[in-house]
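# Fold and geometry: a report
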2 protein chains.
Amino acid sequence: MGYSISQVAEKFDLTAHTIRYYDKEGLLPFIDRNKAGNREFSDGDLEWVKLICCLKNTGMPIKQIKLYIEWCLQGDDTLEIRRQMFIDHRKEVLKQMDDLKENLKTIDYKLELYDSGCSIPLNGNKS
Amino acid sequence: MGYSISQVAEKFDLTAHTIRYYDKEGLLPFIDRNKAGNREFSDGDLEWVKLICCLKNTGMPIKQIKLYIEWCLQGDDTLEIRRQMFIDHRKEVLKQMDDLKENLKTIDYKLELYDSGCSIPLNGNKS
DNA sequence: TTAACACTTTGAGTTAGCTCTAAGTCAAGT
DNA sequence: ACTTGACTTAGAGCTAACTCAAAGTGTTAA
């Protein structure tokens, strides 16, 4: 039977509004409609939505995701460029994780200070 | 002597525009001016800028950071609420790292497919 | 058949976080 | 004295990603 837009929204913690917006932006050109004209998502479509969420949640802009979808539609000629996109994006995700780890250190340091009951004045270090 | 706005911008990979914007938004109420009226950052100020960047880069909204700065200005009465803020924020950073790891798995899976030279049709799984 | 409800579209509005422009000030170098 | 260049402000403009409103259509339940 397929899934309705609100079922998909629920499943991926999006709103139906957002999914329609993605569709309008060209991220979901493959979604079928039923006789009533409503979007009907197949299990295969859910995999695409999952990938789109993955890319979006790792900071890829909507426009770049749209480009990727277009490459997919173009067929095997774009296999290599798509592969390269994932290689590049993977590198960025690793960078994000590194940055996050670095920032976690700063936060942990602040927490140590707060846990030790130490008050830090704003104008602490004016030299 | 202190640092000029563009030196600080350079150091933290921001623009002078952005630093003025942060100042306008109330994130830098403690920055001194020289006789010419230009902002002059001390070494202690740089620590504050570093913390602000850390919070911003881990997803804390400008308004929340501003609130934190205000709490700092209010003195020791707000020590506990500030400590709690860091505890909460730390949790969110850990969540971000988890999410990133999850998404990395999806990306690695896609890369495996692309590396195996396997073409995946768009309408793959219509049931 | 009527009400409720989930869906549809177009297009406007919102928010966060910058980003830039215009017009001007100030200090240093020639 | 004049030019250069970094700084200042107020305020407008921009982009991404939603978010919503209005008006309408189609299906289901009483």
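Now for a description of the structure that goes with this document. (Residues numbered from 1 in each chain as written. Chains lettered and ligands numbered in written order. Predicted model: local features only at pLDDT ≥ 70, side-chain atom pairs only at ≥ 80, totals over all residues. Heavy atoms only, no water.)

## Details of the relation of the copies chain A and chain B
- Superposition record for chain A on chain B: RMSD 0.1 Å, screw rotation 180°, translation along axis 0.0 Å. Accordingly, the operation relating the two chain copies is best matched by a two-fold axis. No C-alpha of chain A approaches the rotation axis more nearly than that of Met97 of chain A, which lies at 3.2 Å. (Least-squares fit on C-alpha atoms with pLDDT ≥ 70 in both.)

## Some remarks on the protein's contact with DNA strand C
- The immediate surroundings of DNA strand C are formed by 18 residues, with Ser4, Ser6, Arg20 and Arg39 of chain A together with Tyr22 of chain B found nearest.
- Of all atoms in DNA strand C that approach within 4 Å of the protein, 74% are sugar or phosphate atoms.
- At 2.9 Å, a side-chain N or O of Arg20 of chain A approaches a phosphate oxygen of DNA strand C.
- Contact between DNA strand C and Arg33 of chain A: a phosphate oxygen at 3.0 Å from a side-chain N or O atom of the residue.
- Broken down by secondary-structure element, the contributors of at least two residues to the surface near DNA strand C are helix H1 (5-12) and helix H2 (16-24) of chain A together with helix H2 (16-24) and helix H4 (62-74) of chain B.
- With four residues, the single largest contributor to the surface near DNA strand C is H2 of chain B.
- Partitioned by chemical class, the residues of the surface near DNA strand C number six nonpolar, six polar and six charged. (Near = heavy atom within 4 Å. Polar contact = N/O pair within 3.5 Å; in protein donor to acceptor, adjacent residues only side chain to side chain. Helix = DSSP H or I, 4+ residues; strand = E, 2+ residues; numbered from the N terminus. Nonpolar A, V, L, I, M, F, W, Y, C, P; charged D, E, K, R; others polar.)

## What about the packing of helix H5 (residues 79-115) of chain A against helix H5 (residues 79-115) of chain B?
- Contact pair H5 of chain A / H5 of chain B: the axes reach a minimum separation of 9 Å and the direction vectors enclose 160°. Between H5 of chain A and H5 of chain B, the crossing angle belongs to the class labelled roughly antiparallel. Both H5 of chain A and H5 of chain B take part in a crossing whose hand is left-handed.
- The residue inventory of the contact of H5 of chain A with H5 of chain B, partitioned by class, reads 22 nonpolar, four polar and 14 charged. (Axes fitted to C-alpha atoms, helices over the stretch in contact; angles between N-to-C directions. Parallel < 35°, antiparallel > 145°, perpendicular 65-115°, else oblique. Left-handed = near helix turned anticlockwise from the far one by under 90°.)

## Details of the pattern of salt bridges
Residues and elements named next belong to chain A.
- The full count for this structure, using the stated rule, is 16 salt bridges over all chains.
- Across the pair Arg33 and Asp23 runs a salt bridge whose closest N-O atoms are separated by 3.9 Å. Note that Arg33 is positioned in strand S1 (residues 32-33) and Asp23 in helix H2, a separation of ten residues in sequence.
- Owing to a relative accessible area of 46%, Arg33 belongs among the partly exposed residues under this scheme. (Salt bridge = Lys/Arg side-chain N within 4 Å of Asp/Glu carboxyl O. Buried < 20%, exposed > 50% of the residue type's maximum accessible area, 1.4 Å probe, protein only.)

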